[in-house]
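Structural overview
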Amino acid sequence: MKPIVESRLPTKYGGFKILAFEADVEQMPHLALVSDKFIKGTEKIVHVRVHSECMTGDVFSSSRCDCGEQLASSMMHLQKEGGILIYLRQEGRGIGLVEKLKAYNLQDAGQDTFEANVNLGHPEDGRSFVPAIEILKYLNVKSINLLTNNPDKVRAFDDVDDINVIDRMPLEVGLDPENKDYLEAKRLVKGHLFGAKS
Ligand SMILES: [Zn+2]
């Protein structure tokens, strides 16, 4: 996978380059934000966050999930460490924004985030992390420290010969009374790792 365009992106967290990649199924491109401190071809372990789009959390600071806080904390960390944020356009675990909002109504009626997706005719989690792997290969990254609580994201790299997940850094941010049940469902249903509590 190759970028269509690469630009400079100064942010309040520090300087990044933003790369837009073609996406097959989405009209919106997958993105990589590469910290100015990142050196292509480095032999060092590169800190990486693979973040799936969540407009409500990332843009509107929704308290229904922890996405916005995870994104902000990742950018802060990656800027410091010279890492890479990969932003995949798979809103609502791949079901899209409209379906995600419908799922919110089912959640308000008592279903957990995964049951709600299934009852709308979608998989519990329809995401693919393959584009992230392709982007990391393009950036020539070999060893990574993955910023995630999600063991599925670590497992996505199991069969990838060229990239090794050397370490995992948890992102325990964004806890809010509004997302307590959501985070608990992620822990119980998907085995998300929330530090000492799990
Ligand atoms: Zn979210």
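The structure contained in this document is the topic of the report that follows.

Cut-off values and rules
- Residues numbered from 1 in each chain as written.
- Predicted model: local features only at pLDDT ≥ 70, side-chain atom pairs only at ≥ 80, totals over all residues.
- Buried ≥ 20, exposed ≤ 12 C-beta atoms within 10 Å, placed from the backbone.
- Helix = DSSP H or I, 4+ residues; strand = E, 2+ residues; numbered from the N terminus.
- Pairing = 2+ DSSP bridges.
- Axes fitted to C-alpha atoms, helices over the stretch in contact; angles between N-to-C directions.
- Contact = placed C-beta atoms within 7 Å.
- Core = buried A, V, L, I, M, F, W, Y, C linked by C-beta atoms within 7 Å.
- Expected span 1.5 Å × (residues − 1).

For strand β1 (residues 3–11), a buried count of 0 out of 9 residues is recorded, marking the element as mostly open to its surroundings. Judged from the 8 bridges that link them, β1 and strand β2 (residues 14–21) form a sheet pairing that is antiparallel. If you follow Pro10 over to β2, its bridge partner there is Gly15. Between β1 and the antiparallel strand that follows it, β2, lie 2 residues.

In this section: the sheet that holds strand β6 (residues 143–147). Pairing is mixed across the open sheet formed by 7 strands, whose spatial order is β1-β2-β3-β5-β4-β6-β7. Both edges of this open sheet fall to β1 and β7 (164–169), since each of them pairs with a single strand only. On average, each strand axis in the sheet is inclined to that of its neighbour by 25°, with strand direction left out of account. In this structure, strand β4 (residues 46–52) lies alongside β6, joined through 3 bridges in parallel fashion. Within β6, the position partnered with Val48 by the bridge is Leu146. Helix α2 (residues 67–81) rests against β1, β2, β3 (30–35), β4, β5 (84–88) and β6 of the sheet, and its axis sits at about 160° to β4.

In terms of nonpolar packing, the biggest core is built from 33 residues, with Ala32, Val48, Ile84, Leu85, Ile86 and Ala132 touching the most fellow members. At the level of secondary structure, the elements contributing two or more residues to this core comprise β2, β3, β4, α2, β5, α6 (130–138) and β6. The element contributing the most residues to this core is β5, with 5 residues. Every residue in contact with Val48, bar those within four places of it in the chain, is listed here: Gly83, Ile84, Ile86, Leu136, Ile144, Asn145, Leu146 and Leu147.

One turn of the α-helix equals 3.6 residues, which is why residues spaced by three or four share an orientation. When the terminal C-alpha atoms of α2 are compared, their 21 Å separation across 15 residues agrees well with the 21 Å that a helix rising 1.5 Å per residue should span. Following α2 by one or two positions, Gly82 has its phi on the positive side, about 75°.

Within β4, 7 of the 7 residues are buried, which leaves it mostly tucked inside the rest of the structure. Of the two faces of β4, the one holding Val46, Val48, Val50 and Ser52 and the one holding His47, Arg49 and His51 are both buried throughout. Sheet topology note: the β4/β5 ladder contains 5 bridges and is parallel. Each bridged residue has a counterpart across the sheet, and for Val48 the counterpart in β5 is Ile84.

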